[in-house]
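Working through the structure, step by step
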Amino acid sequence: MRSFEDLVLKALERVYDPELNRPITDLGMVGAISGSANSIQVTVKLTVAHCPMKDELESRVKKELAKDFPEAELEIALAVM
């Protein structure tokens with residue numbers, strides 16, 4: 001059986017960086033993951049503090065997590081690498 005973190009990472013593999021067009025998991029952009037199936041907290045690490053695509057990236061993360069965890073409350077924190 002997969003761990004909760006593994007399930008979240010699997011969903012995040014479908015999130016592509018809008019500028020680099022590669023999965024954020026491959027780019028090292030996923031930070032801390034915590035929570036449960038009802039409440040998920042994920043940190044996404046941006047390459048620069050004022051990333052022009054941060055809203056788009058956050059939207060993509062929420063969209064993909066919602067597919068696998070439709071009942072979960074999602075909290076996405078943005079940090080800088």
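Section: the sheet that holds strand β1 (residues 30–36)
Taken together, the three strands give an open sheet; going across it, the order is β1-β2-β3, and neighbouring strands pair in mixed fashion. This sheet does not close on itself; its edge strands, each paired only once, are β1 and β3 (73–80). Averaged over all pairs of adjacent strands, the angle between strand axes in this sheet comes to 15°, irrespective of strand direction. Bridge count for strand β2 (residues 39–46) against β3 is eight bridges, and the pairing is parallel. Across the sheet, Val 42 pairs through a bridge with Ile 76, a residue of β3. Lying over the sheet, helix α2 (residues 54–68) contacts β2 and β3, oriented at roughly 145° with respect to β3.

Observations regarding unusual backbone geometry
Its identity is not glycine, yet Asn 21 carries a phi of approximately 55°, on the positive side. Relative to the helices and strands, Asn 21 is located in the loop between α1 (4–12) and β1.

Notes on the pattern of salt bridges
Under the criterion given, the structure shown has six salt bridges. Residue Lys 10 is joined to Glu 13 by a salt bridge in which the shortest nitrogen-to-oxygen separation is 3.5 Å. Salt bridges sharing partners connect three or more residues here, namely Arg 14, Glu 64, Lys 67 and Asp 68.

Regarding α2
For α2, built from 15 residues, the straight-helix expectation of 21 Å at 1.5 Å per residue is met to within 8% by its first-to-last C-alpha distance of 22 Å. Those residues of α2 not exposed but buried are Leu 57, Val 61, Glu 64 and Leu 65. Each buried residue of α2 sits inside an arc of 100° when the element is viewed along its axis, so together they form one side. Of the exposed residues in α2, the ones pointing more than 90 degrees away from its buried face are Asp 55 and Lys 63. In the core, the buried residues of α2 are packed alongside α1, β2 and β3.

Topic: the environment of Ser 36
Tracing the chain through its elements places Ser 36 in strand β1. When the C-alpha positions of Ser 36 and Glu 73 are compared, they lie 9.5 Å apart, and in sequence the two are 37 residues distant.

Description of the pairing of β1
Bridge count between β1 and β2: five bridges; the pairing is antiparallel. The residue bridging Ser 34 from the neighbouring strand is Gln 41, located in β2. Between β1 and the antiparallel strand that follows it, β2, lie two residues.

Cut-offs used in this document
- Residues numbered from 1 in each chain as written.
- Predicted model: local features only at pLDDT ≥ 70, side-chain atom pairs only at ≥ 80, totals over all residues.
- Heavy atoms only, no water.
- Pairing = 2+ DSSP bridges.
- Helix = DSSP H or I, 4+ residues; strand = E, 2+ residues; numbered from the N terminus.
- Axes fitted to C-alpha atoms, helices over the stretch in contact; angles between N-to-C directions.
- Contact = heavy atoms within 4.5 Å.
- Salt bridge = Lys/Arg side-chain N within 4 Å of Asp/Glu carboxyl O.
- Expected span 1.5 Å × (residues − 1).
- Buried < 20%, exposed > 50% of the residue type's maximum accessible area, 1.4 Å probe, protein only.
- Arc of directions from axis to C-beta.

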